[in-house]
Every structure is written in C-alpha cells, then in structure tokens.
Amino acid sequence: MKCIFCGVDSSSSKSVEHIIPESFGNTTAILRKGVVCDKCNNYFSRKVEGPFLNTEAIQLLRQELEIKKKNGNVITSFVYPQV
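Residues numbered from 1 in each chain as written. Predicted model: local features only at pLDDT ≥ 70, side-chain atom pairs only at ≥ 80, totals over all residues. Heavy atoms only, no water.

Colleague: Would you explain the overall build of the chain in this entry?
Modeller: When you go through the chain residue by residue, the secondary structure sums to 2 helices and 2 strands. When the elements of the chain are put in sequence order from the N terminus, they spell out β-β-α-α. For a compact globule of 83 residues, the expected C-alpha radius of gyration is about 12 Å, and the chain comes in at 16 Å, more than 25% above that figure. Counting all 83 residues of the chain, 28% fall into the buried class. Restricting to contacts in the chain with at least 6 residues of sequence separation, those with at least 24 account for 46%. Once the 11 positive and 8 negative side-chain charges of the chain are each reduced to a mean point, those two points are 8 Å apart. (Helix = DSSP H or I, 4+ residues; strand = E, 2+ residues; numbered from the N terminus. Rg over C-alpha atoms; globule rule 2.2 N^0.38 Å. Buried < 20%, exposed > 50% of the residue type's maximum accessible area, 1.4 Å probe, protein only. Contact = heavy atoms within 4.5 Å. Lys, Arg positive; Asp, Glu negative; His and termini not counted. Charge placed at Lys NZ, Arg CZ, Asp CG, Glu CD.)

This is the structure we're talking about:
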C-alpha cells in the first residue's frame, strides 16, 4: 500500500490517520493503518493539527463544547465574566 500523501510504501505504518482530529472527540472517523505513512501522519499532527488546535479561538470553542483532550480532560483555561 502507498501513502495517499507522499506515495511511499506505507504497508508497515503503525499509525492510523484521524480524518477529524482526535482532539475534537473523534474516535470513529479514521483511515486504517497503511493509508498514510507514519512520517506524513506525524507531520500533519505536528505542523497542521497542533498549531490549529492550539489557537485561542479553537481552544475556547473546545472549552465551550466541553470536548475532551486526548488525556480525557476538558480545557478550563478561559474564565467567563460574572454577569
């Protein structure tokens, strides 16, 4: 099998690619092992998903929707003003 991104042999790939990031609560929409090579999967995780998920707007949205992080905790960084 070849990686859908770079075309190298990915039959020995150990990771699965989450179509929607796991940090958004996705546990089911994944591509099976070998569809994406480990190198590309790691690249997208570090260079694309990580910076996006760490933006203030996305973290605030994740806190508001109570979407758990990979470690099972909910973001609690933002304090809402008392009304």
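Colleague: Explain helix H2 (residues 56–64) to me, please; I cannot follow it from the model alone.
Modeller: One turn of an α-helix holds 3.6 residues; hence residues three or four places apart share an orientation. Those residues of H2 that sit buried are Ile58, Gln59, Arg62 and Gln63. Seen from one end, H2 has its buried residues packed into an arc of 140°, which puts them on one side. Across from the buried face of H2, at angles greater than 90 degrees, the exposed residues are Glu56, Ala57 and Glu64. Tucked inside the fold, the buried residues of H2 contact helix H1 (38–53). Glutamate 66 occupies a position one or two residues after H2 and carries a positive phi of about 55°. (Arc of directions from axis to C-beta.)

Colleague: Before we go on, may I ask you to explain the confidence of the model for the chain in this structure?
Modeller: Atomic detail in the predicted coordinates should be set aside for any region of low pLDDT. In this model, the chain carries an average pLDDT of 87, and 96% of its residues clear a pLDDT of 70 or more. Strand E1 (residues 17–18) is the least confidently modelled element of the chain, averaging 86 in pLDDT, while H1 averages 92, the highest of any element. (pLDDT = per-residue confidence, 0-100.)

Colleague: Would you explain the state of the cysteines in this entry?
Modeller: By definition, a disulfide links the sulfur atoms of two cysteine residues through a covalent bond. This model, assessed by the stated rule, comprises 0 disulfides. The thiol of cysteine 3 is unpaired, and the distance to the nearest cysteine sulfur, on cysteine 40, comes to 3.8 Å. Counting only cysteine sulfurs, cysteine 40 is the nearest neighbor of cysteine 6, a cysteine outside any disulfide, at a range of 3.7 Å. Residue classification places cysteine 6 among the partly exposed residues on the basis of a relative accessible area of 41%. (Disulfide = S-S within 2.5 Å.)

Colleague: Looking at this structure, how should I read H1?
Modeller: Serine 45 marks where H1 bends most, by close to 35°. Of all the positions in H1, only Cys40, Asn41, Gly50 and Leu53 are classed as buried. For H1, the secondary structure elements touched by its buried residues are E1 and H2. (Bend = angle between axes of the 7 residues up to and from the residue.)

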